[in-house]
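Summary of structural features
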Amino acid sequence: MNRSLLPVAATALLSGCGIVSLPPVAIPDQTLSLPVSTSAQNAVIYDGDDAFDGATMPDVLSNVSLSGQALYSGAGNLRSVAIFLRSSLPSCDRVSGMSAQFCAPDGESAQRIGTLNLQNGKVTDLILSGQALDEAARAGHGYFGVQVLSGSSVLGDSLKLSQLKVSAKF
């Protein structure tokens, strides 16, 4: 066998197994403004900012994961949230003066990529994954959504996602 083809053959063989990891790609920090939870009970609130801003990954990639840190800050007592991701903003209820979309959670289950347990003012590590993250990474567009699971938020509360890195495997 030609020695120059050996690395190519090995890469093809390993990529078929889904074990070749690519170096992580950084995406910008995201700050999600949280509405008063009583006005958004039983809703997934999507932020209007594109977190991926056109950075795409090849279609052959799978098992995309997002790691980083989350910081909840404000006057509320939010303890747990579900995180959602879409490659495009849905057509749900829009709040006047905000770029956010409020969607019924029953239609959003396929977009869920994880859950965060939070403590006001404390940094929490995050690792998120799922089919919705794979699709958003391939499309190059990602809009984060949040659903309150435990506790409550008040006007002015925010959830900052920082040191975000997207990684994938062949």
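**Let's talk about the overall build of the chain**
- Scanning the chain from N- to C-terminus turns up 2 helices and 11 strands.
- Taken from N to C terminus, the helices and strands of the chain fall in the order α-β-β-β-β-β-β-β-β-β-α-β-β.
- Counting across all 170 residues of the chain, residues that qualify as buried make up 39%.
- For the chain, the computed accessible surface area is about 8900 Å², with 52% contributed by carbon and sulfur atoms.

**Thoughts on unusual backbone geometry**
- If you check the backbone angles, Q163 has positive phi at about 50° while not being a glycine.
- Here Q163 lies in strand β11 (residues 158-169).

**Quick notes on the sheet that holds strand β10 (residues 143-150)**
- Overall, antiparallel pairing links the 6 strands, which are arranged β6-β7-β3-β10-β5-β8 in an open sheet. A single partner strand is all that each edge strand has here, and the edge strands are β6 (93-94) and β8 (112-117).
- In the sheet, β6 pairs with strand β7 (residues 101-103) via 2 bridges, with the strands oriented antiparallel. Residue pairing in the sheet places D93 in a bridge with F102 of β7.

**Quick look at the pairing of β11**
- In this sheet, β11 lies alongside strand β1 (residues 25-26) in antiparallel orientation, the contact comprising 2 bridges. Looking across to β11, one finds that V25 is bridged to V166.
- Looking at chain direction, strand β2 (residues 30-33) and β11 are connected through 4 bridges and run antiparallel. Its bridge partner lying in β11, S33 is registered against S158.
- As paired elements, strand β4 (residues 62-73) and β11 share 9 bridges and run antiparallel to each other. By the bridge assignment, S62 is partnered in β11 with K169.

**Considering the environment of S109**
- Considering the arrangement of structural elements, one finds S109 in the loop between β7 and β8.
- In sequence terms S109 and F84 are 25 residues apart; their C-alpha atoms lie 8.3 Å from each other.

**Overview of the nonpolar core**
- Ranked by size, the top nonpolar core spans 30 residues in total, and within it F52, I83, L116, F144, L159 and L161 carry the most contacts.
- Where this core is concerned, the elements lending two or more residues are β4, β5 (80-86), β8, β9 (123-129), α2 (131-139), β10 and β11.
- When residues in this core are grouped by element, the largest group, 5 residues, is from β11.

What counts, and where the lines are drawn
Residues numbered from 1 in each chain as written. Predicted model: local features only at pLDDT ≥ 70, side-chain atom pairs only at ≥ 80, totals over all residues. Heavy atoms only, no water. Helix = DSSP H or I, 4+ residues; strand = E, 2+ residues; numbered from the N terminus. Buried < 20%, exposed > 50% of the residue type's maximum accessible area, 1.4 Å probe, protein only. Areas by Shrake-Rupley, 256 points an atom, 1.4 Å probe, with all protein chains shown as cover. Pairing = 2+ DSSP bridges. Core = buried A, V, L, I, M, F, W, Y, C linked by side-chain atoms within 4.5 Å.

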